[in-house]
Amino acid sequence: MNSALAVTWTGRDVRSTPSVSGQQKRPLTGPNPTDRGKNGSKIHLIIDRNGLPLSLGISGANMHDSLGLEPLVRGIPPIRSRRGPRRRRPAKLHGDKGYDYDHLRRWLRKRGIRHRIARKGIESSQRLGRHRWVVERTVSWLAGCRRLHRRYERKAEHFLAFVGIAAALICHRRLDR
C-alpha cells in the first residue's frame, strides 16, 4: 500500500508594505534577516508528494523554521485513502536541515511519523533534492499569485485567508487535469 508522503519546507519571505502611520508593526511580521531588517512575513507549508498543499501557516520573517513544524503537522486534515479508514497523519515526513533538532525528531516519533531530516554537518542536502523540487515548485505556484508577492493586509487573518485561497486554486488546477 502506498502511504501518503508529506514534505515540509518553508516558503518564501513576503515583504510587508509600510503602514500609513510610518513604522507601525503589523501582526505576524518581523525583521527579515535576509532583507536588511525590513518587516515581513513567512509562509510555511506542508505538501504531499504531488505538490498539493495539506497544511499552511504564516509567521514573522524572523521566526525560525523549526518552530512552525508542530502546528503545521497538527493542522493536517484527515486524508481519504483508497482502502480503509482516513489517514490522520502522514507516514513519512521529509525536511531539510532547518528542522534538524532532537526535540522535533522525538515529537514526530511519538506521533508515529517516520522522518527523513538531513543532519547538519553530516549529510549533504543533495539527497533531499529529489523531494525538494516538488516543494520548490509549489512555492513558485504560490509566488505566481500577485496578491501574495507583497503583504498589503494589516490583519494576519486576512493574509492567511489569501494564502488559503491561493492553495485552493493550486489544488483545483492540479486536480482538474
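A brief look at the structure comes next.

The rules we used
Residues numbered from 1 in each chain as written. Predicted model: local features only at pLDDT ≥ 70, side-chain atom pairs only at ≥ 80, totals over all residues. Heavy atoms only, no water. Helix = DSSP H or I, 4+ residues; strand = E, 2+ residues; numbered from the N terminus. Expected span 1.5 Å × (residues − 1). Buried < 20%, exposed > 50% of the residue type's maximum accessible area, 1.4 Å probe, protein only. Arc of directions from axis to C-beta. Pairing = 2+ DSSP bridges. Core = buried A, V, L, I, M, F, W, Y, C linked by side-chain atoms within 4.5 Å.

**A closer look at helix 5 (residues 156–176)**
Right, so step 1: Spanning 21 residues, helix 5 covers 30 Å between terminal C-alpha atoms, matching the ideal 30 Å at 1.5 Å per step.
Right, so step 2: Regarding helix 5, the residues found buried are Ala156, Phe159, Val163, Ala166, Ala167, Ile170 and Cys171. The arc enclosing the buried residues of helix 5, seen along the axis, measures out at 140°, which places them on a common side. In helix 5, the exposed residues that point more than 90 degrees away from the buried face are Glu157, His172, Leu175 and Asp176.

**Quick look at the pairing of strand 3 (residues 39–48)**
Right, so step 1: Within strand 3, nine of the 10 residues are buried, which leaves the element mostly enclosed by the surrounding structure.
Right, so step 2: As judged from the seven bridges shared by strand 3 and strand 4 (residues 53–60), these two strands associate in the antiparallel manner. Across the sheet, residue leucine 45 finds its bridge partner in strand 4, namely leucine 56.
Right, so step 3: Here strand 3 folds back onto strand 4 in antiparallel fashion, the turn holding four residues, of which glycine 51 has a positive phi close to 100°.

**A closer look at the nonpolar core**
Right, so step 1: Counting residues in each nonpolar core, the largest one holds 15 residues, and the members touching the most others are Ile43, Ile58, Leu142, Leu148, Phe159 and Val163.
Right, so step 2: Every element with two or more residues in this core is listed here: strand 3, helix 3 (129–143) and helix 5.
Right, so step 3: For this core, the element with the most residues is helix 5, which contributes five residues.
Right, so step 4: In this structure, Ile46, Trp107, Leu108 and Ile117 belong to the second largest nonpolar core, which totals 12 residues.

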